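Understanding the architecture of this molecule
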Amino acid sequence: MIEITVTKADAAAANLETLTSGMVNAIFLHFTFSEEWSALSKVAVFTNGTTTIDILEAEWASPDTCAVPPEILSLPGKTVKVGLRGYSEDGKTVLPTTMCSLGSVKPGPVAANDSTSAQSLPVWEQLRTQMAKVEQKLTPCYTTLKKHKSQDDAASHTLRISLHGVDYKVGSTAIYVYQCMRRRHRSTYWRHPSNWNEEPGEGVCKLGYGQLATHAYGNGEGVFAVNYPEVPEWMPNDGYLKTVMSLHIRHIRQGHYDLDLTTWLLPLLKPTNEEMDWQKCGMIGIQGEGTVAPLLFKFCVVVDGRVVGESKNILAVGLRGGSEDTSPLNDNQTLKPGCLYTSIR
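As a starting point, this report considers the structure included with it. (Residues numbered from 1 in each chain as written. Predicted model: local features only at pLDDT ≥ 70, side-chain atom pairs only at ≥ 80, totals over all residues. Heavy atoms only, no water.)

1. Quick notes on the overall build of the protein
Each helix and strand counted, the protein has 4 helices and 24 strands in total. Expressed as a percentage of the 345 residues in the protein, the buried residues total 41%. When contacts within the protein are restricted to residue pairs at least 6 apart in sequence, those whose partners lie at least 24 apart make up 64%. In the form shown here, the protein has an accessible surface area of approximately 18,500 Å², with 49% of it arising from carbon and sulfur atoms. (Helix = DSSP H or I, 4+ residues; strand = E, 2+ residues; numbered from the N terminus. Buried < 20%, exposed > 50% of the residue type's maximum accessible area, 1.4 Å probe, protein only. Contact = heavy atoms within 4.5 Å. Areas by Shrake-Rupley, 256 points an atom, 1.4 Å probe, with all protein chains shown as cover.)

Right, here's the structure in full:
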């Protein structure tokens, strides 16, 4: 990668690379700017003496990194130069740099019927692209929940989280469980990007068996006062519910994320009897004597740590009940689908 050091109006190139005609997205420049450029919008100006291409900062490959346009490298024997222009937001300050040479273009082999990538956009088209991106970001993002089409019976418990208005180009994207309600009076517990690293307390709760380990659970008296041992080794995430699901480009392009509840809900399992017999299991939210209070989950979409939309419905999940004779876990330590009941509200 060619390094361009920009010190106020001076631009100097280092680590020059060989330029050959026909290159496309093969040569990149990395800019290092002095403090005078911190508040300026930037435009990279490329020329080979015949053609001049302006690339707005928003169209660079990444912050401080820009590809040399293919048009500038199309003709062998031409000397390629680059400079920058900086503009203040109010338009009162303009800072152009000197032009620095990247070297001359050497002849490259030409393949028959060679089809290169699309041509660089003119400035007016770059501006229109930027406006389209802004409008895309303004599009309301949200999720809707539904059971997967394969769930015609209790044999599968896959939740399909549909994505709406999410642009894979805007940054790292994830799905969070940001709210979970339990018990019949619908106490609310939060796990949200804004308090992800907070210690459990008022308004903050890490749901899972790890929350209960070594602490008394129940009413604090009588048979309901139970002190659970440490978190079992087989339980992932130290017994806490894993609430962050990173979205890959393929998820966003296909418009949904499929979540396997039989694995995802494992950390919420806990023994319900006083003998700590894991053959008989329950779920946080199930109260004494089999009174069922399902867990209610809501989801949100987060882009670069910022919430951009939430789910339009709620996922309700509960256990059908424990059994002293059979385990709710499969041999591979996943939850048996038949133990769950799910609904979308």
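Now that the structure has been shown, we can carry on.
2. Some remarks on the pairing of strand 10 (residues 100-106)
Sheet topology note: the strand 3 (residues 19-20)/strand 10 ladder contains 2 bridges and is parallel. Of the residues in strand 10, the one forming a bridge with leucine 19 is valine 105. (Pairing = 2+ DSSP bridges.)

3. As for the side chain of threonine 47
Along the chain, the position of threonine 47 falls in strand 5 (residues 41-47). A polar side-chain atom of threonine 47 sits 3.3 Å from the main-chain carbonyl oxygen of threonine 51. Not counting chain neighbours up to four residues away, the residues in contact with threonine 47 comprise Thr52, Ile72, Thr79, Val80, Lys81 and Met99. (Polar contact = N/O pair within 3.5 Å; in protein donor to acceptor, adjacent residues only side chain to side chain.)

4. What about unusual backbone geometry?
Even without glycine at this site, lysine 8 takes up a positive phi of about 50 degrees. Summarising the element assignment, lysine 8 is placed in the loop between strand 1 (2-7) and strand 2 (10-14). Given the relative accessible area of 47%, lysine 8 is considered partly exposed. Despite not being glycine, asparagine 25 has its phi angle at roughly 55 degrees, a positive value. By relative accessible area, asparagine 25 is classed as exposed at 52%.

5. A short note on the nonpolar core
If you look at the biggest cluster of nonpolar residues, it comprises 32 residues, and the most contacted ones within it are Leu259, Trp264, Phe297, Phe299 and Leu315. Per element, the largest residue contribution to this core is 4 residues, and it comes from strand 21 (residues 295-303). Among the nonpolar cores identified, the runner-up in size contains 28 residues, and Val6, Met23, Leu29 and Val68 belong to it. (Core = buried A, V, L, I, M, F, W, Y, C linked by side-chain atoms within 4.5 Å.)

6. Re the sheet that holds strand 4 (residues 28-33)
Taken together, the 4 strands give an open sheet; going across it, the order is 2-1-4-7, and neighbouring strands pair in mixed fashion. Both outer strands of the open sheet, strand 2 and strand 7 (65-67), are each paired with one neighbouring strand and no more. Averaged over all pairs of adjacent strands, the angle between strand axes in this sheet comes to 25 degrees, irrespective of strand direction. Sheet topology note: the strand 1/strand 4 ladder contains 5 bridges and is parallel. Looking across to strand 4, one finds that threonine 5 is bridged to threonine 32. (Axes fitted to C-alpha atoms, helices over the stretch in contact; angles between N-to-C directions.)

7. Here's the deal with the packing of aromatic side chains
Think of a pair of aromatic rings as described by two things: how far the centres are apart, and how the planes are tilted against each other in angle. Counted by the stated rule, this structure contains 5 aromatic pairs. By way of ring pairs, the aromatic residues Phe31, Phe33, Trp37 and Trp60 are connected into one cluster. Here the guanidinium or amino end of lysine 42 rests over the ring plane of phenylalanine 33, the centre of that ring lying 5.0 Å away. (Phe/Tyr/Trp six-rings, centres within 6.5 Å; stacked < 30°, edge-to-face > 60°. Lys NZ or Arg CZ within 6 Å of the ring centre and 35° of its normal.)

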